[in-house]
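Coordinates in review
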Amino acid sequence: MPAHEDWNTARAAELIAAGQTLEGPLLPILHSFVETFGYVPEPAVPMVAEALNLSRADVHGVVTFYHDFRREPAGEHVIKLCRAEACQSAGCEALADHLVEKLGIEFGETTPDGRVTLEPVYCLGLCSISPAAMIDGRLVARLDAKRLDKALEEVVR
């Protein structure tokens, strides 16, 4: 995963200015924050709200609604396990329990060493080959505990 920049307001202002001219600029600006900083820092919310003539509540609502916008930096590796119905019917809950036990964290948390963040997602579009996950942006499917452990070993050493 690429290294992210430390938060700074000047860089945030550049990102906002670059996205402001787009049609429907809020989502692209928030995505640019995640790409640049690794998350949407709390001080960014009023900056974006003011620039786009939105309320802070509007911006906060979008940040908290979409799973791609995190409010804290993620770990070095991000594991997203699909928890939608098709994956549930194929056994993702057992995989979820396996991950929680293996990593020693709950969904939405990062390991104390900052190496791994575990997140739920609610559809990766791989329903016919579920259960599925995304590990550092790479899709893996037809998972069982053994395949999941192998995929984890490739990124989390």
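Structure: see above.
Right, let's walk through the structure included here.

Moving on, we come to the overall build of the protein chain. A tally of regular secondary structure across the protein chain gives seven helices and five strands. Going from N to C terminus, the protein chain has its helices and strands arranged as α-α-α-α-β-α-α-β-β-β-β-α. Overall, the protein chain is about 50 × 30 × 20 Å in size when its C-alpha atoms are taken along their principal axes. Out of the 157 residues in the protein chain, the part that is buried amounts to 41%. Taking contacts inside the protein chain between residues at least 6 apart in sequence as the whole, the part at least 24 apart equals 57%. Carbon and sulfur atoms provide 51% of the accessible area of the protein chain, an area that totals close to 8,800 Å². Where the 14 positive side-chain charges of the protein chain centre and where its 24 negative ones centre are 7 Å apart.

Here we come to empty space enclosed by the protein. Space left empty within the atom packing is revealed by a probe, the size of a water molecule, rolled over the atoms. The final tally for this structure, using the stated rule, is one cavity of 30 Å³ or more. Residue composition of the lining of the largest cavity, grouped by class: four nonpolar, one polar and two charged.

Calculation rules
- Residues numbered from 1 in each chain as written.
- Predicted model: local features only at pLDDT ≥ 70, side-chain atom pairs only at ≥ 80, totals over all residues.
- Heavy atoms only, no water.
- Helix = DSSP H or I, 4+ residues; strand = E, 2+ residues; numbered from the N terminus.
- Buried < 20%, exposed > 50% of the residue type's maximum accessible area, 1.4 Å probe, protein only.
- Contact = heavy atoms within 4.5 Å.
- Areas by Shrake-Rupley, 256 points an atom, 1.4 Å probe, with all protein chains shown as cover.
- Lys, Arg positive; Asp, Glu negative; His and termini not counted.
- Charge placed at Lys NZ, Arg CZ, Asp CG, Glu CD.
- 1 Å grid on protein atoms, 1.4 Å probe; cavity = no way out; pocket = protein on both sides within 12 Å on 5 of 7 lines; lining within 4 Å.
- Points joined across faces, edges and corners; volume = space filled by probe spheres on them.
- Nonpolar A, V, L, I, M, F, W, Y, C, P; charged D, E, K, R; others polar.

Read these as layout, nothing more, since geometry by itself doesn't imply function.
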